[in-house]
Amino acid sequence: MKLFMRMEPIGFLTFACIVAFTAATAAAQTRQISSSGTGSFSESSLGVDIGSGPELDSALSAVEHDNGNDATGAVHINRRIDNHPKGPGVNMSGKSHSKSNPVVNLSVDGLSFFQQRFADGGNQFSVEPPDQGLCAGNGFVLESTNDVLRVFDSSGNIVRGVVSLNQFYGYPHAIDRTTGAFGPQITDPSCYFDQDTQRWFHLALTLDRTGTTSALSGKNHLDLAVSQSADPLGTWTIYRIPAQDDGTDGTPNHHCPGGACLGDYPHIGADGNGIYLTTNEFPLFAGGFIGAQIYAISKQAIASNGASITVVQYNTGDPSTNTASGLPGFTVWPAISAGPSPSEFGGTEYFLSSLAVFQDSGVDNRLQLWSLTNTKALSRGGAPTLTSSIVNTQAYAIPDFARQPGVGTNGVGMAPGGGNIDFPLGQCFNLPACSNLLIGVADPFTEVISPLAANDSRMGQVYYANGRLWSALGTGITFDGVTYGSSGLAYFVLHPKADGGTPVATVDNQGYLADPNLDVTYGTVAVTQSGRGVLSFTATGPANYPSVGFASLDALAGAGDIQIAAAGVGAQDGFTGYRVEGFGTRWGDYGAAAVDGNSIWFGQEYIGQTCTLSQYISSSPLGTCGNTRAALGNWGTRIVKVTP
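A brief look at the structure comes next.

Parameters at a glance
- Residues numbered from 1 in each chain as written.
- Predicted model: local features only at pLDDT ≥ 70, side-chain atom pairs only at ≥ 80, totals over all residues.
- Heavy atoms only, no water.
- Salt bridge = Lys/Arg side-chain N within 4 Å of Asp/Glu carboxyl O.
- Helix = DSSP H or I, 4+ residues; strand = E, 2+ residues; numbered from the N terminus.
- Buried < 20%, exposed > 50% of the residue type's maximum accessible area, 1.4 Å probe, protein only.
- Core = buried A, V, L, I, M, F, W, Y, C linked by side-chain atoms within 4.5 Å.
- Contact = heavy atoms within 4.5 Å.
- Polar contact = N/O pair within 3.5 Å; in protein donor to acceptor, adjacent residues only side chain to side chain.
- Pairing = 2+ DSSP bridges.
- Axes fitted to C-alpha atoms, helices over the stretch in contact; angles between N-to-C directions.
- Phe/Tyr/Trp six-rings, centres within 6.5 Å; stacked < 30°, edge-to-face > 60°.
- Lys NZ or Arg CZ within 6 Å of the ring centre and 35° of its normal.

This part is about the pattern of salt bridges. Tallied over the entire structure, the rule returns 14 salt bridges. The residue arginine 403 makes a salt bridge to aspartate 519 at a minimum N-O spacing of 2.8 Å. With arginine 403 in the loop between β22 (385-397) and α4 (424-429) and aspartate 519 in strand β27 (residues 519-527), this pair connects stretches of sequence that are 116 residues apart. Residue aspartate 519 is classed as buried on the basis of its relative accessible area of 1%. For the salt bridge of aspartate 589 with arginine 586, the shortest nitrogen-to-oxygen distance reads 2.3 Å. On the basis of relative accessibility, which here comes to 5%, the residue arginine 586 falls in the buried class.

Turning next to the nonpolar core. Ranked by size, the top nonpolar core spans 69 residues in total, and within it Leu224, Leu277, Ile302, Leu535 and Phe602 carry the most contacts. Beyond its immediate sequence surroundings of up to four residues, leucine 277 is in contact with Leu203, Leu222, Leu224, Ile241, His267, Ile268, Gln293, Ile294, Tyr295 and Ile297. Ranked by size, the runner-up nonpolar core spans 38 residues in total, among them Phe282, Tyr350, Ala397 and Leu494.

The residue threonine 585 is located in the loop between β31 (563-566) and β32 (592-596) in this model. Judged by relative accessible area, which is 12%, threonine 585 ranks as buried. Within the structure, threonine 585 has its side chain in polar contact with the backbone oxygen of proline 451 (distance 2.7 Å). Not counting the four nearest positions on each side in its chain, threonine 585 is found in contact with Phe401, Ser450, Pro451, Leu452, Ala453, Thr576 and Gly577.

The strand order across the open sheet formed by four strands is β6-β34-β33-β32, and the pairing between neighbours is antiparallel. Looking at strand neighbours, the two that pair on one side only are β6 (103-112) and β32, the edges of this open sheet. Ignoring strand direction, the axes of neighbouring strands in this sheet form an average angle of 20°. Bridge count for β6 against strand β34 (residues 636-643) is seven bridges, and the pairing is antiparallel. If you follow leucine 106 over to β34, its bridge partner there is lysine 641.

What follows deals with the packing of aromatic side chains. Aromatic ring pairs: the centre-centre distance and the angle between the two ring planes describe each pair. Enumeration over the complete set of coordinates arrives at 21 aromatic pairs. Aromatic side chains phenylalanine 168 and tryptophan 236 sit 5.2 Å apart centroid to centroid with 80° between the ring planes, which places their arrangement in the edge-to-face category. Remark: tryptophan 236 occurs in strand β14 (residues 236-242) and phenylalanine 168 occurs in helix α2 (residues 165-168); sequence separation between them is 68 residues. Relative accessible area serves as the criterion here: at 0%, tryptophan 236 is assigned to the buried category. Arranged with centres 6.1 Å apart and planes meeting at 80°, the rings of tyrosine 276 and phenylalanine 351 form a pair that is edge-to-face. Note that tyrosine 276 is positioned in strand β16 (residues 274-283) and phenylalanine 351 in strand β20 (residues 348-354), a separation of 75 residues in sequence. Taken as a pair, tyrosine 276 and phenylalanine 351 share a single burial class, namely buried. In this structure, arginine 117 is placed above the aromatic ring of phenylalanine 118, and the distance from its NZ or CZ to the ring centre is 5.0 Å. The cationic tip of arginine 458 hangs over the ring face of tyrosine 265; the distance from NZ or CZ to the ring centre is 4.4 Å.

Time to look at the sheet that holds strand β8 (residues 140-145). The strand order across the open sheet built from four strands is β7-β8-β9-β10, with neighbouring strands paired in antiparallel fashion. The sheet is open, and its two edges are formed by β7 (133-137) and β10 (158-164), each paired on a single side. Taken pair by pair, the neighbouring strands of this sheet meet at an average axis angle of 10°, ignoring direction. One ladder, built from six bridges, connects β8 with strand β9 (residues 148-153); its direction is antiparallel. For phenylalanine 140, the partnering residue across the bridge sits in β9 and is aspartate 153.

Next up, the structure:
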C-alpha cells in the first residue's frame, strides 16, 4: 500500500539541488518503422445504434487503471502503480502572487460523452474518462479524447465535426452494432503542433484483437499520425510503432509476465531535432510494472512523411540504464519547447518524472530530471545519450479523492444553494425497472453520488520556455498540519542545464496551488516563450460542481489566484462512479494545454449539463437528455484561450 502522511515542506526546500547523476544509458534499441498508409478526417454523422451490442468493452476498458474484476467478471488491466493515500498531505503555507493576470479571450464547449458514444454512426463503446489532448497552430485547434477528435478554428468555430479515432486511423468500427464485430481498441490520445515544421502530430495507444472477437491478441502499438501540411484537415501519414516488447515485430523482449507488455499513457514532446514519445510499460496480462519507455525520432525525417523512419527506444526499467533514483521511470513526461529548444551538447531534450508513487509513505521531495543529449544524431540515424539526475524539491503527496456536492449521499437537500442534486444514472440504478433497462438486472447496491478520482502524483505536462522547465503534479494538501484538507497542485520552475552531458537543475520557484473549499486536480502547464504561463485544472468541491479553472504562473512570483473559466452545472454521473459497474470512480486522466504565439489554449474535463431522472428516462435514446449526455455518462470538456 502506498500511503501519505504529513510533511512539512520547509525541510525539503533545497535550492541547490543535484544530489546524484548517472552515466550514459546502455539500453537503447534502434529499429525501422514503415508508414502504414494515410488517415484523414472522414467525418460521419452522429447516429443512434443500428442494432445492439455491449456498452462497455468486455476485454479492456480505457476507463480502468486498477486490476480486478467487475460485476460481470470482465478482467481489467493493471495500468497503475498501487498507491492508495492515507494521511493529511503536505502542509501549505502562504504564497506570493503572480504578476500576470490572464485574460480569457475565448471559452467554448469541446467534446462530450454524447458525441463520443454516438460518433461513427453509434458504433462506439461508452468510455470514461476522456483523456484530453489539445494542440493549436496555423489558425486551428485540434481536440482529441477517448475515442474521438474534432477541429475548430481560432475563433472557436467547428470546422470539422466529430470523427472517431477508429475512423481517423483507418480501422474498423470500435464495435459494429450490426454484426457484433470488434475493432481495435484505441485509448490515451494526445496531440502537438510543431511550429518548426508546421506539422500536426496525433498519438494514441491501440490494442489489437484476436480476429473480430473482444479478446486481445497481445499486440499493441503507438499510432503516430503526422499531417502532410500545416492544414490538419488534409492528409496524414500514419506510423504504427509496436509496443508489446515481447521480441515480436522488431520489439525488444522485456520479459513481461504473461507474454506481452503494454505501452500505456503515451505522450509527446519535441525539441529542434526530434519528436519524443513516452509510455508507462506494464505487463498486459499480469500485474507488475516494467518502466517508462522513451522513443526518439528524427523530426526532419518524420515531418517529411517518409516511407520509413528510424525509432530509438530506451527502457528506463533496464538495470543498465542506472537511473539516478535507482528506480525505473514512471510517467517520464517529455518537454515541449515554446521557443528555441536547448542547443548545448548537440541538442538536448529534457524530461521530468516524479517518485512518490514508489514510496510506502506516498510522499517524496524529489523529481527525476532526464536528458537526451546530442539529439542532432537522430537525423543521421544515431542514438542520443540518455542520463538522469535527482532534483531536491518541496514535498508532494499522493492525493485523495476529489469532492463534489453531495458525495456519499442521495443528493436530497445537498445542492449548492439548496434543493436536490440530480444524478439520474445513479438514481436509475436504484430503481429495479430502470436498472433492468441498463444492465438487465436490478442493482444489488444502493448507489450514491461518488467522489472524483484525483491524480496519483505522476508528473504532468512539461514545457521548456525562457530557459526553464515548467511543470506541475497532483498532491494532497493539509492546511492545519493534522487533517487532510484538499487535493491540490505542486508546481515547479526549474533552471536546467545538461552539464557535461549530465542534466543538472536549480529550483527557480516552486509552490502549491490549493484551496480548502476546492479540490484542484489534473493540472496542465503551458508557458509562452517570454515566460508567461498558465496552470489549468479541474476545480471541484462541496459547493462547486466539477468546473474548469486556471491560474497564472511565472518564474518570480509563482502561481496566481484560482479563477473559474467555466463553472460546472451538475454532478459527475458516470458509470465508473457506481458500485454495480465495479470499476472505481474516474476523472481525467489528463487535460492539455498548448502555446500559440502569445496565447495559451487549454482543455479540461467538466460537467456542463444536468437533467432529472424523469428527463433521463423519457429521452430517446435512453439517458441522452436532449443530446447533452449518454445513458452511462455525462462528462464534457471545455476549451479556453487566454492571454497570460
